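# Overview (structure and organization)
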Amino acid sequence: MLKAGGVALALVGLGLAGHLLARDNYGPMPSLAGAEQWLNSPPLEGQQLKGKVVLVDFWTYDCINCRRSLPHVNDWARRYADQGLVVVGVHTPEYDYEHEVASLREQVKRLGIGYPVAVDNDYRIWNAWGNQFWPAHYFVDRKGQVRHVHFGEGDYDGQEQVIRQLLDERG
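Residues numbered from 1 in each chain as written. Predicted model: local features only at pLDDT ≥ 70, side-chain atom pairs only at ≥ 80, totals over all residues. Heavy atoms only, no water.

By the naming in an unreviewed UniProt entry, the protein chain goes by Thioredoxin family protein and is assigned to Pseudomonas oryziphila.

Here it is as structure tokens:
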């Protein structure tokens, strides 16, 4: 069990679960392949992101917890882009109406999201990562290793510290 925000989270079935005992290293970044389409970017994959620090943010636009975390993610994407941070949003819908790409495109614009967003309507990326939560933040180092995970809202200072530490590392 992993505690996140005071809630015990069962990690059985998570693609990264086998790596959770290795402190600060959860294994190689799973695939980003399988999106229906990409907004704000051509399709991205792990090889293209090597040498960058990557924050993969699983979210859905009508999730209140996601809406509360998005201003922080947007801020990090803007402030740290020139230092090598790439934020990748993976929009995996919770509700049927969130599958509509036109509505998602409108929400991305309204929410000020300028970073790449994978449209994961078929849960292919979600399943490849073994994710089970909205929002879920996966922090990947320059070598393509998942180094930190955060489920739910909160600890924004701590998450930003992870970004800074990973950016300070040279791969």
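Text resumes after the structure shown.
### Topic: the sheet that holds strand 7 (residues 136-140)
On the basis of which strands lie adjacent, the open sheet formed by six strands has the order 3-6-5-4-7-8 and mixed pairing. In this open sheet, the two edge strands, each paired with only one partner strand, are strand 3 (37-39) and strand 8 (146-151). Each strand of the sheet is rotated relative to its neighbour by a mean of 20°, with strand direction disregarded. Looking at chain direction, strand 5 (residues 85-91) and strand 6 (residues 117-119) are connected through three bridges and run parallel. (Pairing = 2+ DSSP bridges. Helix = DSSP H or I, 4+ residues; strand = E, 2+ residues; numbered from the N terminus. Axes fitted to C-alpha atoms, helices over the stretch in contact; angles between N-to-C directions.)

### Quick look at helix 2 (residues 64-80)
Taking 1.5 Å as the rise per residue, helix 2 with 17 residues should run 24 Å; its terminal C-alpha atoms sit 25 Å apart, in good agreement. Buried residues along helix 2 sit in contact with strand 4 (53-59), strand 5, strand 7 and helix 5 (156-168). (Expected span 1.5 Å × (residues − 1). Contact = heavy atoms within 4.5 Å.)

### Examining the side chain of histidine 91
Of note, histidine 91 is situated in strand 5. A relative accessible area of 0% means that histidine 91 is categorised as buried. A distance of 3.1 Å separates the side chain of histidine 91 from the backbone nitrogen of tyrosine 61, its partner in a polar contact. The contact partners of histidine 91, leaving out residues within four places of it in the chain, are Trp59, Thr60, Tyr61, Glu98, Leu104, Val117, Ala118, Val119, Asp120 and Asn121. (Buried < 20%, exposed > 50% of the residue type's maximum accessible area, 1.4 Å probe, protein only. Polar contact = N/O pair within 3.5 Å; in protein donor to acceptor, adjacent residues only side chain to side chain.)

### Some remarks on the pairing of strand 8
For a regular strand, the rule is simple: side chains alternate between the two faces of the sheet. The sheet contact formed by strand 7 and strand 8 spans five bridges and is antiparallel. Looking across to strand 8, one finds that histidine 137 is bridged to histidine 150.

### Focus on the environment of alanine 136
Mapped onto the elements, alanine 136 comes out in strand 7. Each C-alpha atom of the pair alanine 136 and valine 149 lies 7.3 Å from the other, and the pair is 13 residues apart in sequence. The residues contacting alanine 136, other than those within four sequence positions of it, are Val56, Asp57, Phe58, Asn131, His150 and Phe151.

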